[in-house]
Amino acid sequence: MIVVRDIKQGSDEWLALRVGVLTASNFHKVTMKGRGGKDSVTRAALIDQLATERITGRSAEEGYSNYWMDRGKEREDLARSLYEFQTGNEVEQVGFIYMDDDRRIGCSPDGLIADDGGTEIKSPKLSTHLGYIRYGIDSHLPQVQGNMMVSGRKWWDFNSYCPESHIELWTVRVERDEEYIEQLLIACKLLLAEVDHVEQELRGFG
């Protein structure tokens, strides 16, 4: 594991660290299937994106933003401070984590806690926030378990922050699931093998 601490998330330097890297924010795409068991369009697009980033040396995320991303960034510091107040946990902010020396898989955690924990912060709309509370966070398990896979941590606190709700900050702890992580890692390696193939194919057109 390689932890990059001196780079601010969202900066040009941070985007450069992620070029061609399969990151935890995209782990939910690695096992997506379309009709008839074929790869989904989303998974195929991720493969093409990573291959293209390797060739061009540029991030596909440059300049991309939307309302919910901007709102999340604006509220993240508030949510982190409230989480620290409510739990007593001190959150360390880092730039990026590579899983190993290959630097092909990584994550940008919202925070690390002591030696064993981490935290994820979401700032969703009210209906989504209440949905997390009522039905759980299964849709975010690839990212949360993926953060633990990359960082080697034992637990991760998922936070949903929504000041419009009567429950302003909702926190649930997710424990490391070795079986889940093993299957996720296999899926990530399979996808990266496909990225290698597409990269070679694209370079052949040059």
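Please read these numbers as outputs of a predicted model, since none were measured by experiment. (Residues numbered from 1 in each chain as written. Predicted model: local features only at pLDDT ≥ 70, side-chain atom pairs only at ≥ 80, totals over all residues. Heavy atoms only, no water.)

**Student:** For this particular structure, what's the right way to read the overall build of the protein chain?
**Tutor:** A count of helical and extended segments in the protein chain gives six helices and nine strands. At 17 Å, the protein chain has a C-alpha radius of gyration in line with the 17 Å of a compact globule built from 206 residues. Dimensions of the protein chain, computed from the C-alpha atoms along their principal axes, are close to 55 × 40 × 35 Å. Put simply, the protein chain shows about 11300 Å² of open surface, and 50% of that area lies on carbon and sulfur atoms. Positive and negative side-chain charges of the protein chain, numbering 25 and 35 respectively, have mean locations separated by a distance of 4 Å. (Helix = DSSP H or I, 4+ residues; strand = E, 2+ residues; numbered from the N terminus. Rg over C-alpha atoms; globule rule 2.2 N^0.38 Å. Areas by Shrake-Rupley, 256 points an atom, 1.4 Å probe, with all protein chains shown as cover. Lys, Arg positive; Asp, Glu negative; His and termini not counted. Charge placed at Lys NZ, Arg CZ, Asp CG, Glu CD.)

**Student:** I would appreciate a short explanation of the sheet that holds strand β2 (residues 22-23) in the present structure.
**Tutor:** Two strands in a sheet stick together by hydrogen bonds in their backbones, pointing the same way (parallel) or opposite ways (antiparallel). Within the open sheet, the four strands sit side by side as β1-β4-β5-β2. Their pairing is mixed. Looking at which strands have only one partner, the edges of the open sheet turn out to be β1 (2-4) and β2. Relative to strand β5 (residues 105-107), β2 runs parallel, the two being bridged by two bridges. Looking across to β5, one finds that T23 is bridged to G106. (Pairing = 2+ DSSP bridges.)

**Student:** So what exactly am I meant to see when it comes to the pairing of strand β8 (residues 155-161) here?
**Tutor:** Residues in a regular strand point their side chains to alternate faces of the sheet. Among the seven residues in β8, seven count as buried, and that is most of the element. What you see with β8 is no split at all: W155, D157, N159 and Y161 on one side and W156, F158 and S160 on the other are buried throughout. Sheet topology places strand β7 (residues 117-122) next to β8; six bridges connect them, and they run parallel. By the bridge assignment, K122 is partnered in β8 with S160. Judged from the seven bridges that link them, β8 and strand β9 (residues 169-175) form a sheet pairing that is antiparallel. Bridge assignment links S160 to a residue of β9, and that residue is W170. (Buried < 20%, exposed > 50% of the residue type's maximum accessible area, 1.4 Å probe, protein only.)

**Student:** I'm lost on the packing of aromatic side chains in this one. Help?
**Tutor:** The full count for this structure, using the stated rule, is two aromatic pairs. Considering the side-chain rings of Y132 and F158, the 5.3 Å spacing of their centres and the 85° angle between planes classify their relative orientation as edge-to-face. Within this pair, whereas Y132 is found in helix α4 (residues 126-135), its partner F158 is found in strand β8, the two being separated by 26 residues in sequence. On the basis of relative accessibility, which here comes to 0%, the residue F158 falls in the buried class. Here R173 stacks its cationic end above the ring of W155, 3.5 Å away from the centre of that ring. (Phe/Tyr/Trp six-rings, centres within 6.5 Å; stacked < 30°, edge-to-face > 60°. Lys NZ or Arg CZ within 6 Å of the ring centre and 35° of its normal.)

**Student:** Would you mind going over the environment of Q143 with me for this structure?
**Tutor:** On the secondary structure map, Q143 appears in helix α5 (residues 141-151). Relative accessible area serves as the criterion here: at 15%, Q143 is assigned to the buried category. In this structure the C-alpha to C-alpha distance between Q143 and S25, which are 118 residues apart in sequence, comes to 5.6 Å. Ignoring any residue separated from it by four or fewer positions in sequence, one finds Q143 in contact with A24, S25, E120 and K122. A distance of 3.1 Å separates polar atoms of two side chains, one belonging to Q143 and the other to K122. (Contact = heavy atoms within 4.5 Å. Polar contact = N/O pair within 3.5 Å; in protein donor to acceptor, adjacent residues only side chain to side chain.)

**Student:** It is not clear to me how the sheet that holds β7 should be interpreted in this structure. Could you clarify?
**Tutor:** Here five strands make up an open sheet; going across it, the order is β3-β6-β7-β8-β9 and the pairing mixed. The open sheet has two edge strands with one neighbour each: β3 (91-92) and β9. Those strands touched by α4 are β8 and β9, and its axis lies near 140° from that of β8. (Axes fitted to C-alpha atoms, helices over the stretch in contact; angles between N-to-C directions.)

**Student:** Honestly, the nonpolar core in this entry has me stumped. Any pointers?
**Tutor:** The nonpolar side chains of a soluble globular protein tend to be buried, and buried together. Counting 32 residues, the largest nonpolar core has L22, F27, I105, M149, V150, C188 and L191 as the members making the most contacts within it. Elements represented by at least two residues in this core include exactly α2 (41-56), β5, α5, β8, β9 and α6 (178-203). Of all the elements, α6 adds the most residues to this core, at eight residues. Every residue in contact with L191, bar those within four places of it in the chain, is listed here: L22, V30, R43, L46, I47 and L50. Counting nine residues, the second largest nonpolar core, distinct from the first, contains A79, I113, W155 and L169. (Core = buried A, V, L, I, M, F, W, Y, C linked by side-chain atoms within 4.5 Å.)

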